[in-house]
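These are the residues of each chain, in order.
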Amino acid sequence: EKGGFPYFMLKEISEQPAVLADTLRGRLSAEGSIVLDEERLSGEDFRDIDKVFIVACGTAYHAGLIAKYAIEHWTRLPCEVEMASEFRYRDPVLDRSTLVVAISQSGETLDTLMAVKHAREQKARVLAICNTNGSTIPRESDAVLYTRCGPEVGVAATKTFLGQVAACLLVGLFLAQARGVLYGDEVGAYVEKLQKMPDLVARTLSTVGPVRELARSLAGAKAVLFLGRHVGYPVALEGALKLKELAYMHAEGFPAGELKHGPIALVEQGVPVVVVVPSPRGRAVLHDKIVSNIQEVRARGARMIVIAEEGDHQVEPFADHLIRVPATPSLFAPLVTTIPLQVFACELALARGLDVDQPRNLAKSVTVE
Ligand code: F6R
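Given the structure is predicted, the values throughout are model-derived calculations rather than measurements.

Student: Just checking my understanding: could you explain the side chain of E238 for this structure?
Tutor: Along the chain, E238 falls in helix 11 (residues 232–247). A polar atom in the side chain of E238 sits 3.0 Å from the side chain of T59. Every residue in contact with E238, bar those within four places of it in the chain, is listed here: T59, H62, A157, F161 and T338.

Below is the structure:
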């Protein structure tokens, strides 16, 4: 049942090209539009909303952070993202023109479920992004978009994170299309590029070998820092969460621009720092800024592990370890940059002799507060 892999997690990481293709299947039309014809979900519902609120926990929250960059960029609707456990005990401002997107792999996370109930009481419309057919959160929501990743046995989310990110991108493009904010040919260009993403994920997996050796060499490290900018920031958070969960190591993710406001004090000789570099073809300013962040950290003795697009030569002189990912549109980059971080955390945990499928103290679905 592990398909020849010693752990489910390794199998689930390897399934990601197929999983991504399944999440996208039937939702990208040959004419270049986004088709979400799920039950209870229609373009009409999305026309008169004026605000989006995303609620989720853990890894699903990181997918939500990525969604915010995409939704605001494509739709020009304000979008907030909040951990469900905070959202439900505040007094968030919601009404019938608010769209609440609840992201949950299991569909049973209690905090996310209570956030959904709270949102519906305030008359907001709730769309669930979920992996588990017929689970509670989709039942309590107005509409549901299933991620179709298949069952995930490893306690740490891997393939379902990719499915959640892809579903969020679909929702963002669907909203922009339904509201007429993006022109048909603009949506068409994204559709064409989304169609290529499963192949790019496969390519990323096929070149990830050196990450394994690198991770094994770091099994004795005390802590690892993760830096990113733009959508690379939630990816850094996700990389740090995976490492905490699986390897029980101190790991933290930061927006690279926040470094000098405190976290840089953590940098000492030899500390591994993983940097998720944005594409130099996207926002060139962001790329230049992260290159100077890399230099600042390296000057303080950190061991720099740099994840950068193929053909990005500017980072080469500052990387102790360079991990290449294929070029993608900026907003799609998390679908590839996350993969080396999953492999990194998994391999480091294995090098420390840990069971990556069942990390201590964690449960696959958190149905208590
Ligand atoms: C991390 C992880 C958790 C879940 C979180 C939400 O690897 O698995 O952080 O993402 O407990 O779970 P769902 O998505 O089922 O609501």
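Student: Help me understand the sheet that holds strand 3 (residues 98–104), please; the structure alone is not making it clear to me.
Tutor: Think of a sheet as strands paired side by side through backbone hydrogen bonds, with each pair either parallel or antiparallel. Here five strands make up an open sheet; going across it, the order is 2-1-3-4-5 and the pairing parallel. Whereas interior strands pair on both sides, the edge strands pair on one side only; in this sheet they are strand 2 (79–83) and strand 5 (143–146). For this sheet, the mean angle separating the axes of adjacent strands, direction not counted, is 20 degrees. The pairing of strand 1 (residues 51–56) with strand 2 spans five bridges and is parallel. When the bridges of strand 2 are listed, A56 appears paired with M83. Contacts from helix 4 (residues 58–75) reach strand 1, strand 2 and strand 3, with the element oriented near 175 degrees to strand 2.

Student: Just to check I follow, could you spell out the layout of surface pockets for this structure?
Tutor: Which parts of space are left empty comes out when a probe the size of a water molecule is rolled across the atoms. Here the largest pocket defines a volume of roughly 560 Å³. Surrounding the largest pocket, 23 residues form its lining, C57, G58, T59, K364 and V366 being those nearest its centre. When residues of the lining of the largest pocket are traced back to their parent elements, those giving at least two are helix 4, strand 3, helix 6 (110–121) and helix 11. Tallying contributions element by element places helix 4 first for the lining of the largest pocket, with three residues. Each residue belonging to the lining of the largest pocket can be placed in one class, and the counts come to 11 nonpolar, nine polar and three charged. The computed volume of the second largest pocket comes to approximately 170 Å³.

Student: How should I be thinking about the packing of helix 4 against helix 11 in this particular structure?
Tutor: Axes are the key here: two packed helices are described by the angle between their axes and the distance separating the axes. At a minimum axis distance of 9 Å, the contact between helix 4 and helix 11 shows a crossing angle of 170 degrees. The angle between helix 4 and helix 11 places the two elements in the roughly antiparallel class. Note on element contacts: helix 11 touches helix 4 through Y233, P234, V235, L237, E238, L241 and K242, opposite G58, T59, H62, L65, I66 and Y69. Classifying every residue of the contact of helix 4 with helix 11 gives eight nonpolar, three polar and two charged.

Student: So what exactly am I meant to see when it comes to the packing of helix 9 (residues 184–206) against helix 13 (residues 334–351) here?
Tutor: Between helix 9 and helix 13, whose axes approach to 9 Å, the crossing angle comes to 20 degrees. On the basis of their axis angle, the class for helix 9 and helix 13 is roughly parallel. For the element pair helix 9 and helix 13, the recorded crossing hand is right-handed. Along its contact with helix 9, which presents M197, L200, V201, T204 and L205, the element helix 13 presents L335, V336, I339 and P340. Across the contact of helix 9 with helix 13, the residue classes tally to eight nonpolar, one polar and no charged.

Student: Is there a simple way to explain the site of the ligand in this structure?
Tutor: S104, Q105, S106, T109 and E245 are the nearest of the 14 residues found near the ligand. A distance of 2.4 Å separates an oxygen atom of the ligand from a polar atom in the side chain of T109. With respect to the ligand, the side chain of E245 contributes an N or O atom lying 2.8 Å from an oxygen atom. Contact with the protein chains removes 89% of the 410 Å² of surface that the ligand exposes when unbound. Among the cavities detected, the one that contains the ligand is the largest pocket. Looking at the shell around the ligand, the elements that each hand over two or more residues are helix 4 and helix 11. If you tally residues by element for the shell around the ligand, the top one is helix 4, at three residues. Residue composition of the shell around the ligand, grouped by class: five nonpolar, seven polar and two charged.

Student: Whenever I open this one, empty space enclosed by the protein confuses me. Can you help?
Tutor: Summed over all chains, the structure comprises two cavities of 30 Å³ or more. Here the largest cavity defines a volume of roughly 200 Å³. As for the largest cavity, its lining consists of 22 residues, and the residues nearest its centre are V277, P278, S279, S330 and A333. Residues of the lining of the largest cavity, tallied by class, amount to 13 nonpolar, six polar and three charged. As a volume, the second largest cavity reaches approximately 60 Å³. Residue lining of the second largest cavity: R40, L41, D45, F46, L99, R125, V126, L127, D142 and A143, and that is the complete set. Elements with a contribution of two residues or more to the lining of the second largest cavity: helix 3 (43–47) and strand 4 (125–130). If you tally residues by element for the lining of the second largest cavity, the top one is strand 4, at three residues. For the lining of the second largest cavity, the class distribution of residues is six nonpolar, no polar and four charged.

Calculation notes
- Residues numbered from 1 in each chain as written.
- Predicted model: local features only at pLDDT ≥ 70, side-chain atom pairs only at ≥ 80, totals over all residues.
- Heavy atoms only, no water.
- Helix = DSSP H or I, 4+ residues; strand = E, 2+ residues; numbered from the N terminus.
- Polar contact = N/O pair within 3.5 Å; in protein donor to acceptor, adjacent residues only side chain to side chain.
- Contact = heavy atoms within 4.5 Å.
- Pairing = 2+ DSSP bridges.
- Axes fitted to C-alpha atoms, helices over the stretch in contact; angles between N-to-C directions.
- 1 Å grid on protein atoms, 1.4 Å probe; cavity = no way out; pocket = protein on both sides within 12 Å on 5 of 7 lines; lining within 4 Å.
- Points joined across faces, edges and corners; volume = space filled by probe spheres on them.
- Nonpolar A, V, L, I, M, F, W, Y, C, P; charged D, E, K, R; others polar.
- Parallel < 35°, antiparallel > 145°, perpendicular 65-115°, else oblique.
- Left-handed = near helix turned anticlockwise from the far one by under 90°.
- Near = heavy atom within 4 Å.
- Areas by Shrake-Rupley, 256 points an atom, 1.4 Å probe, with all protein chains shown as cover.
- Sits in = over half its atoms within 2 Å of the grid points.

These figures come from the coordinates and say nothing about function on their own.
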